[in-house]
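Here is what each chain is made of, one letter per residue.
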Amino acid sequence: MQHAHMTAWFLALVLFFVAIFLIKGGKAKGAKIVQMIIRVMFLLILGTGFMMLSKANSSGILGSDAGLQYILKVLLGVGVIGLIEMILARVKKKKSTGVMWIALVIVFGLTLYLGFSLTLY
Ligand code: HEM
């Protein structure tokens, strides 16, 4: 499940940059298709994420000190998905994305940090 989670978010990230290049290059149709694939990846990320969460729950981790970290990890992960969606929408409308890029780098970094530290539990 972890490998599926990792593969899905990695692919989503790569395709996110592909979509931006396609939008900026005026290839709206290609960008739309790539964005559909990104959304499938989002579903896989969420699916595998919640499966891992329920596994952590059934082993009682959520009630321990690490529980809060799991909840935070999930919220940050959902935040990454939201920011990617918002950036793509704003790039399409040619609106400024500067602040969102900074937010994405921070939220993504924290998600990676928490995600990898949770694997130690
Ligand atoms: C694009 C956003 C996301 C990124 C970059 C990300 C990244 C990671 C990383 C690096 C790990 C640790 C290694 C691994 O198992 O792959 C991890 C684990 C985890 N992720 Fe995510 N994740 C994201 C979204 C989500 C979402 C939306 C959820 C909730 C549904 C979620 C739930 C979890 C859980 C519960 C674990 C803990 C696995 C364990 O017990 O070891 N993640 N994530």
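Rules used throughout
- Residues numbered from 1 in each chain as written.
- Predicted model: local features only at pLDDT ≥ 70, side-chain atom pairs only at ≥ 80, totals over all residues.
- Heavy atoms only, no water.
- Helix = DSSP H or I, 4+ residues; strand = E, 2+ residues; numbered from the N terminus.
- Buried < 20%, exposed > 50% of the residue type's maximum accessible area, 1.4 Å probe, protein only.
- Contact = heavy atoms within 4.5 Å.
- Areas by Shrake-Rupley, 256 points an atom, 1.4 Å probe, with all protein chains shown as cover.
- UniProt positions renumbered as here; feature names shortened; annotations may be inferred.
- Salt bridge = Lys/Arg side-chain N within 4 Å of Asp/Glu carboxyl O.
- Expected span 1.5 Å × (residues − 1).
- Near = heavy atom within 4 Å.
- Polar contact = N/O pair within 3.5 Å; in protein donor to acceptor, adjacent residues only side chain to side chain.
- Core = buried A, V, L, I, M, F, W, Y, C linked by side-chain atoms within 4.5 Å.
- Patch = residues over 30% accessible without salt bridge, like charges linked within 9 Å, V, L, I, M, F, W, Y side chains within 5 Å.

This paragraph deals with the overall build of the protein chain. For the protein chain, the count of helices and strands is four helices and zero strands. By principal-axis analysis of the C-alpha atoms, the protein chain measures approximately 50 × 25 × 15 Å. In the protein chain, which comprises 121 residues, the share counted as buried stands at 38%. Residue pairs in contact within the protein chain that sit at least 24 positions apart in sequence constitute 69% of those at least 6 positions apart. Carbon and sulfur atoms provide 74% of the accessible area of the protein chain, an area that totals close to 7,700 Å².

What follows is about the UniProt feature "transmembrane region" (unreviewed entry) in the protein chain. UniProt records the feature "transmembrane region" (unreviewed entry) for residues 6-24, 36-56, 68-88 and 100-120 in the present numbering. End C-alpha atoms of residues 6-24 are separated by 27 Å, and the span's content is 100% helix alongside 0% strand.

For side chains of opposite charge, pairing can occur when their charged atoms come near one another. Following the criterion strictly, the structure yields one salt bridge and no others. For glutamate 85, the salt bridge identified is with arginine 39, shortest N-O distance 3.0 Å. Note that glutamate 85 is positioned in helix α3 (residues 67-92) and arginine 39 in helix α2 (residues 28-58), a separation of 46 residues in sequence. Given a relative accessible area of 22%, glutamate 85 falls into the partly exposed group.

This part takes up helix α4 (residues 98-118). Each α-helix winds once per 3.6 residues, and so residues spaced three or four apart point in a common direction. Between its terminal C-alpha atoms α4 stretches 30 Å, which fits the 30 Å expected from 21 residues at 1.5 Å a residue. Among the residues making up α4, those that are buried are Met100, Leu104, Val107, Phe108, Thr111, Leu114, Gly115, Ser117 and Leu118. On the buried face of α4, the contacting elements are α1 (2-24) and α3.

Before going further, it helps to spend a moment on the site of the ligand. In the vicinity of the ligand lie 22 residues, with Gln2, His5, Tyr70, Lys73 and Gly115 positioned nearest. In this structure, tyrosine 70 approaches the ligand through a side-chain N or O atom, which is 2.7 Å from an oxygen atom. Lysine 73 has a polar side-chain atom sitting 2.6 Å from a nitrogen atom of the ligand. If you list the elements that add at least two residues to the shell around the ligand, you get α1, α2, α3 and α4.

Now for the nonpolar core. In this structure, Phe16, Ile38 and Leu88 are the most contacted members of the largest nonpolar core, which totals 29 residues. For this core, the elements supplying multiple residues, two or more each, are α1, α2, α3 and α4. Beyond its immediate stretch of four places on either side in the chain, leucine 88 contacts Phe16, Ala19, Ile20, Ile23, Gln35 and Ile38. Ranked by size, the runner-up nonpolar core spans six residues in total, among them Leu53, Ala56, Ile61 and Ala66.

On to a nonpolar patch on the surface. Where nonpolar side chains cluster on the molecular surface, the patch consists of Leu43, Leu46, Phe50 and Val78 and spans about 370 Å² of accessible area. A per-element tally of the nonpolar patch places α2 first, with three residues. Summarising the element assignment, leucine 43 is placed in helix α2.

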